[in-house]
Amino acid sequence: METITFTGQVFQYLVTGITVGSVYAMVAVGFNIIYNVTEIINFAQGEFVMLGGLIMVFLHVAVGLPLILAFPATVALVTLVGVLLDRLAINPIRRPTVLSLIIATIAASILIKGTAMFIWGKDPFDLPAFSGRDPIIVLGAVIQPQYFWVIGFLVLIVIVLTFFFERTIIGKAMSACADNPDAASLVGIDVKRMVLLSFALSAAIGAVAGITMTPISLMEYDRGAMLAIKGFGAAVLGGLGSFPGAVIGGLILGVIESLGAGLISSGYKDAFALIVLLFVLFFKPSGIFGNIEISKIKRF
Amino acid sequence: MLRIGKLPIALFAGFIIIFPWVAGKVPAIGNYTDIMVFVGIYCLITIGLGLLMGYAGQISVGQAAFYGIGAYVSAILTTRFGLNPWFCMFIAVLITGGIAFLIGAPSLKLKGHYLAMATLAFGIIIFIIFNEEARWTGGPDGMVDIPGLSIFEFDFDSIEKYFYLVWSFVFVILIFTINLIQSDTGRALRAIHTSETAANSMGVNVSKFKILVFVYSAILASLAGSLYAHYLNFINPSTFDLFFSIKLLIMIALGGMYNIWGAIIGAGIITFLSYEWLHYFEEFEVIVYGAILLVVTIFLPNGLVGLPGMLKELFVRQKSNE
Amino acid sequence: MTLRKITVLSTICLFAVGLLAGPALAFEGSYKVGGVFSVTGRTSFLGDPEKKTAEMLAEKINNAGGINGKKLELIIYDSEGDATKANLAVRKLITQDKVCAVIGPSLSGTSMAVVPLAAKYKIPLVSCAASYKIVWDDKESKARKWVFKTPQTDTMAVQAIYTYLKKKGVNKIAVLSVTSGFGASGRGELLRLAPGYGMKIVADEKYGPKDTDMTVQLTKIKGKNPQVIVNWSVGPTQVVVLRNWKDLGMTSIPFYQSHGFGSRKNIELAAGAAEGVYCPLGAVNVSELLPDNHPQKAVTMQYMKDYAAKYNEPLSSFGGHAWDALELVADALKAVGCDKAKIRDYLENTQGFVGQHGVFNFSADDHIGLDKNAFQMVVVKNGDWALAK
């Protein structure tokens, strides 16, 4: 068997890192959308990813719907969960304080996790890869075709969202809410509807992440928490609220994690992302693209 | 923030004192004393966490880490170095307090969500360390043959004896904390919770107090951890995971975070649910916790302890509408 | 509707029916045996078949007239894989339910949490977990008086693997392990026993129990050029690592799993990536492949039939540990009745007990009762087990 050179190894880590980083980036984008409109950090963000994977397994594998139908159906269902999250957990809180909102999203995340456990059990589930499993060898590193699907969807999401927020009326309305909800409602924007929309959108993106990553690393009911924390780390690293930040942050975080596990210690793999998060929070909470002044004005 | 009188404390003390005797007489609840030992241990943690969240208005989603550090320091020092368990408990308190200070100082500058995430990340990192540093912690296998506690020749080797030991700790801490709340420090904390800016402008050193409470809550968790280790004579990392930190939040939210009795009530209910009442509904356990937390956050923001107040307010409002 | 939901609903219905129906058989008294398993939680794949097996065996014993005319009353609690819950459950079994003996727990962690209770309350405990520390006190260098266990230890599994590898002329291996109790223990044994079999360990990588991608670790291993990879984990990670191994194109390096791989479901989940993978398994997993004169052929075939008939699902290796534990206790009860000290002595003197996972020979120093012959080397061929040559 051919051996792999050190460069090859590093390149492999980079490839894995970018792929997993794309998932973190998608989670981070989801965080940002909700944060931008509501200034809430949605602890349940990771659960959308988990649900995306598991529901897709149900529709595509158990029910047998073809990929092209199951994909949007899954996204729609997870979006529904996002809507429910807003309506049942966030909206009803009469006097929203930081503490109560944090606890509400934590509660929602364990509720969703518990329900998933009840429905699907604790086993991991598999999805067939979208375009097969024949690997592509580049510089001695093995690239699975599915990796391209993950990265590709990230790119697609970024393009669509940028267009949405900058060119469409609804998108611009959502941005307005983020800057100043009172002013926004004064000009006739239904703030509550924008909040709902932000949850829906975040859920949809989370679902896409879950669907595309499951063929690579399976999916089970309790994957959500770690994804949420690392996704948050990516968002903060890039600057909370910034879309390019989320993407760059996600990719960087994924690569750091992969290189750290590969070159330093594989047992501490999860810790790398968390240490980066703490570092950023302690020394530059505004992240790479964030702005200190703006983050100070934010209510939370 | 009610004036906490002597009568409730005395009544509660009486309840605790006769509890093992009563449980021993009624076969159906025979093992409740055992469960109450854990309630007591968790109360130590929740009293501190409640102070942090309810009075100082800060959040920690990583309290299990301090619980674990206390347990592991006690376990390591007693099993690997053969030191006296009480001395080790004291050392554990110092170490945990020190770590809390180091983490608290930068973290408490953060607000709201950032603080929650920082404590969350910290909690998980500590959990990973427990699992990885097997040479010290025994790794995922945990640590075995941890000695029990004894004073001179008296061994705390039965459920009842440990029950009284743990609850003695709880009462001492309870009274100390109540005094803390009613002192100048307590007033400063309440001022900070209401408005940091206002408190600052009145000359209250906000960061000093926040760190103080954070360290205090960590120390209490450490004591709880040591007591746990010496009771079970065995610890392993899975006890100190993220889900336990979240369970603690549920205890506080359910009981009521603005009142010290809330911490005790919340710990009691959730522990009994966990170890006894939900036994038939294991599949639903996680859903039940999520539902409790959500319902409490939306409908009972002051927890169960705040229920009488809420009902009174409703009643008053009804009357004034007539 | 998922199987789980159906199970819950039918359990409730059965419970209701059970309440209405009276006792079918007449017994004069009963022997109470307690059991603690991780029926739910992350390790339900261990505790669930263990509970099912124990219940099936108890029912079988009672249908045949019980033990000396007395009913075998099995009381099982779910530890949920949690050390504290396991401790509380065992205490409850001993002080409230007043059982004669306890079987389980399912995990090394939960077992260690209840081992002190066996000595404190002087009651025999037959664990279904792997770690040798459950029955052996390292500090005092002797067996724990009141504790026995039925699963093979990882030492035996490693010995079985190394014996086979040596036979095949392998001397350069890569070790991959999960950072859980099971993985750490196995890794420890792999490292410790390597020199004795002439094995050189060229790579020693780890991953977490919730990890979903081991390409990094496998890539590192690829760079060290081993002849064989030995992976020590249990649960979903042992499947993920196989898929990564295949996806990275490393299938020319033979892959050896631990005995934790013992379930046809794992082969299924690996989606073809398990083909050609080796692992040591207890006889219970390959009962059909055993030669007719194999001492365990009869009991393992019977267990397989009974389990399939009652539960309509393939048996799991782990259920076999519970079978061994309960059968040992039932034997003791038959001989000496509900006397805890006598049961303990009886267990300690048991010789030649034919179980699902081996033939047990206990002694004062040996509360495990098995050796490396309790394992058969097995390879996955055409999606099913085959005895490795």
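### A short note on the overall build of chain A
Here comes step 1: Within chain A, the regular secondary structure consists of twelve helices and two strands.
Here comes step 2: In chain A, the succession of α and β elements from N to C terminus is α-α-α-α-β-β-α-α-α-α-α-α-α-α.
Here comes step 3: What you see for chain A is a C-alpha radius of gyration of 19 Å, in line with the 19 Å of a compact globule of 300 residues.
Here comes step 4: Expressed as lengths along the three principal axes of its C-alpha atoms, the size of chain A is roughly 70 × 45 × 35 Å.
Here comes step 5: Classification of the 300 residues of chain A by burial places 60% in the buried group.
Here comes step 6: Nonlocal contacts in chain A, meaning residues at least 24 apart in sequence, comprise 75% of its contacts between residues at least 6 apart.
Here comes step 7: Carbon and sulfur atoms make up 72% of the accessible area of chain A, which amounts to about 11400 Å² in all.
Here comes step 8: A gap of 8 Å separates the mean positions of the 17 positive and 16 negative side-chain charges of chain A.

### Brief notes about the interface of chain A and chain B
Here comes step 1: At the interface, 44 residues of chain A touch 43 residues of chain B.
Here comes step 2: Here chain A and chain B share an interface that buries about 3900 Å² over both sides, 82% of which is from carbon and sulfur atoms.
Here comes step 3: Across the contact surface, chain A and chain B share two residue pairs in polar contact (both at pLDDT 80 or more).
Here comes step 4: In terms of residues, the side of chain A that touches chain B owes the most to one element, helix 4 (residues 98–120) of chain A, which gives 14 residues.
Here comes step 5: Within the side of chain A that touches chain B, the residues separate by chemical class into 36 nonpolar, four polar and four charged.

### So, the pattern of salt bridges
Here comes step 1: In the structure shown here, the tally under the stated rule is 28 salt bridges over all chains.
Here comes step 2: Between Lys92 of chain C and Glu276 of chain B there is a salt bridge, and its shortest N-O distance comes to 3.3 Å. Residue Lys92 of chain C is found in helix 3 (residues 83–95), and its partner Glu276 of chain B is found in the loop between helix 12 (260–275) and helix 13 (285–299); the two belong to separate chains. In this structure, Lys92 of chain C and Glu276 of chain B share a single accessibility class: buried.
Here comes step 3: Shared partners join several salt bridges into a network, and the residues in it are Lys230, Glu257 and Asp270 of chain A.

### Side note on the state of the cysteines
All names here are of chain C.
Here comes step 1: Taken as a whole, this structure holds one disulfide over all chains when the rule is applied.
Here comes step 2: The disulfide bridge from Cys100 ends at Cys338, spanning 2.1 Å between sulfur atoms. Every disulfide takes its handedness from the sign of the S-S torsion; for Cys100 and Cys338 that torsion is -110°, giving left-handed. You can see Cys100 sitting in the loop between helix 3 and strand 3 (101–103) and its partner Cys338 sitting in the loop between helix 11 (317–336) and helix 12 (340–348), a full 238 residues away along the chain.
Here comes step 3: Classification of Cys100 as buried rests on a relative accessible area of 2%.
Here comes step 4: Here Cys128 is not cross-linked by a disulfide; its sulfur's nearest cysteine counterpart is in Cys100, at 17 Å.

### Here's the deal with the domain arrangement of chain C
Residue and element names in this part refer to chain C.
Here comes step 1: Split by domain assignment, chain C resolves into domain 1 (30–152 + 300–371) and domain 2 (155–281).
Here comes step 2: Computed from C-alpha atoms alone, the centre-to-centre distance between domain 1 and domain 2 is 29 Å.
Here comes step 3: With nine residues of domain 1 at the interface, the matching set in domain 2 holds nine residues.
Here comes step 4: Buried surface at the junction of domain 1 and domain 2, both sides included, amounts to about 920 Å², of which 68% is carbon and sulfur.
Here comes step 5: Joining domain 1 to domain 2, the criterion identifies zero residue pairs in polar contact (both at pLDDT 80 or more).
Here comes step 6: Across the side of domain 1 that touches domain 2, the residue classes break down as five nonpolar, two polar and two charged.

### Here's the deal with the interface of chain B and chain C
Here comes step 1: Counting residues at the interface gives 33 residues for chain B and 29 residues for chain C.
Here comes step 2: Taken together, the two surfaces of chain B and chain C that pack against each other cover about 2700 Å², and 52% of this comes from carbon and sulfur.
Here comes step 3: The interface formed by chain B and chain C includes five salt bridges.
Here comes step 4: Two residues, Asp145 of chain B and Arg144 of chain C, come together in a salt bridge whose shortest N-O distance is 3.3 Å.
Here comes step 5: Remark: the boundary between chain B and chain C carries eight residue pairs in polar contact (both at pLDDT 80 or more).
Here comes step 6: Of all the secondary-structure elements, those providing two or more residues to the side of chain B that touches chain C are helix 2 (32–55), helix 5 (112–132), helix 10 (206–232) and helix 12 of chain B.
Here comes step 7: Looking at the side of chain B that touches chain C element by element, the count peaks at four residues for helix 2 of chain B.
Here comes step 8: When the residues that make up the side of chain B that touches chain C are grouped by side-chain class, the tally is 15 nonpolar, eight polar and ten charged.

### Description of unusual backbone geometry
Here comes step 1: The omega angle of the peptide bond from Gly104 of chain C to Pro105 of chain C is 0°, so this bond is cis rather than trans.
Here comes step 2: Turning to its location among the elements, Pro105 of chain C is positioned in the loop between strand 3 and helix 4 (108–121).
Here comes step 3: Backbone geometry at Glu39 of chain A places phi at a positive 65°, although glycine is not the residue there.
Here comes step 4: Mapping Glu39 of chain A onto the fold places it in the loop between helix 1 (6–38) and helix 2 (45–62).
Here comes step 5: Backbone geometry at Asn225 of chain C places phi at a positive 60°, although glycine is not the residue there.
Here comes step 6: Along the chain, the position of Asn225 of chain C falls in the loop between helix 7 (215–224) and strand 10 (228–232).

### Details of the pairing of strand 15 (residues 375–381) of chain C
Residue and element names in this part refer to chain C.
Here comes step 1: The element strand 15 is extensively covered by neighbouring structure, given that six of its seven residues are classed as buried.
Here comes step 2: Sheet topology places strand 12 (residues 278–282) next to strand 15; five bridges connect them, and they run antiparallel. In the strand pairing of strand 15, Gly282 is matched with Phe375.
Here comes step 3: In terms of strand pairing, strand 15 meets strand 16 (residues 384–387) through four bridges, oriented antiparallel. Looking at strand 16, one finds that Val379 is bridged to Ala386.
Here comes step 4: The loop that links strand 15 with its antiparallel partner strand 16 comprises two residues; one of these, Asn382, has a positive phi angle of about 55°.

### As for empty space enclosed by the protein
Here comes step 1: Inspection of every chain in the model, using the stated rule, returns six cavities of 30 Å³ or more.
Here comes step 2: Around the largest cavity sit Asn31, Ile35, Tyr275, Glu276 and His279 of chain B together with Lys85, Leu88, Ala89 and Lys92 of chain C, which together line it.
Here comes step 3: Within the lining of the largest cavity, the residues separate by chemical class into four nonpolar, two polar and three charged.

### Some details on a nonpolar patch on the surface
Here comes step 1: A cluster of nonpolar side chains, namely Phe81, Leu83, Phe87, Phe90, Leu94, Ile95 and Trp136 of chain B, defines an oily patch on the protein surface of about 700 Å² accessible area.
Here comes step 2: No other element matches the four residues that helix 4 (residues 85–107) of chain B contributes to the nonpolar patch.

### With respect to the sheet that holds strand 4 (residues 125–127) of chain C
Residues and elements named next belong to chain C.
Here comes step 1: The strand order across the open sheet formed by five strands is 2-1-3-4-7, and the pairing between neighbours is parallel. With partners counted over all chains shown, the strands left at the sheet margins are strand 2 (71–78) and strand 7 (147–149), one partner each. Averaged over all adjacent pairs, the angle separating strand axes in this sheet is 25°, with direction ignored.
Here comes step 2: On top of the sheet, helix 3 reaches strand 1 (30–37), strand 2 and strand 3; it is set at about 175° to strand 1, its chief contact.
Here comes step 3: The strands that helix 11 touches are strand 1, strand 2, strand 3 and strand 4; relative to strand 1, the one it contacts most, it runs at about 155°.

### Quick notes on the nonpolar core
Here comes step 1: Membership of the largest hydrophobic core comes to 230 residues, with the highest contact counts inside it found for Tyr42, Tyr67, Trp167, Leu227 and Ile235 of chain B.
Here comes step 2: If sequence neighbours within four positions are ignored, Ile235 of chain B has contacts with Ala71, Tyr72, Ala75, Gly142, Met143, Ile146, Tyr228, Ala229 and Phe240 of chain B.

### Some remarks on the packing of helix 4 of chain B against helix 10 of chain B
Residues and elements named next belong to chain B.
Here comes step 1: Across the interface, helix 4 lies against helix 10 with an axial gap of 8 Å and an inter-helix angle of 145°. Pair helix 4 / helix 10 crosses with right-handed handedness. Here Pro85, Met89, Ala92, Val93, Thr96, Gly97, Ala100, Phe101, Ile103, Gly104 and Ala105 of helix 4 lie close against helix 10, whose contacting residues are Ile211, Phe214, Val215, Ala218, Ile219, Ser222, Leu223, Ser226, Leu227 and His230.
Here comes step 2: Partitioning the contact of helix 4 with helix 10 into residue classes produces 15 nonpolar, six polar and no charged.

Procedures and definitions
- Residues numbered from 1 in each chain as written.
- Chains lettered and ligands numbered in written order.
- Predicted model: local features only at pLDDT ≥ 70, side-chain atom pairs only at ≥ 80, totals over all residues.
- Heavy atoms only, no water.
- Helix = DSSP H or I, 4+ residues; strand = E, 2+ residues; numbered from the N terminus.
- Rg over C-alpha atoms; globule rule 2.2 N^0.38 Å.
- Buried < 20%, exposed > 50% of the residue type's maximum accessible area, 1.4 Å probe, protein only.
- Contact = heavy atoms within 4.5 Å.
- Areas by Shrake-Rupley, 256 points an atom, 1.4 Å probe, with all protein chains shown as cover.
- Lys, Arg positive; Asp, Glu negative; His and termini not counted.
- Charge placed at Lys NZ, Arg CZ, Asp CG, Glu CD.
- Buried area = accessible area lost by both parts, 1.4 Å probe.
- Polar contact = N/O pair within 3.5 Å; in protein donor to acceptor, adjacent residues only side chain to side chain.
- Nonpolar A, V, L, I, M, F, W, Y, C, P; charged D, E, K, R; others polar.
- Salt bridge = Lys/Arg side-chain N within 4 Å of Asp/Glu carboxyl O.
- Disulfide = S-S within 2.5 Å.
- Domains from an automatic or database assignment.
- Pairing = 2+ DSSP bridges.
- 1 Å grid on protein atoms, 1.4 Å probe; cavity = no way out; pocket = protein on both sides within 12 Å on 5 of 7 lines; lining within 4 Å.
- Points joined across faces, edges and corners; volume = space filled by probe spheres on them.
- Patch = residues over 30% accessible without salt bridge, like charges linked within 9 Å, V, L, I, M, F, W, Y side chains within 5 Å.
- Axes fitted to C-alpha atoms, helices over the stretch in contact; angles between N-to-C directions.
- Core = buried A, V, L, I, M, F, W, Y, C linked by side-chain atoms within 4.5 Å.
- Left-handed = near helix turned anticlockwise from the far one by under 90°.

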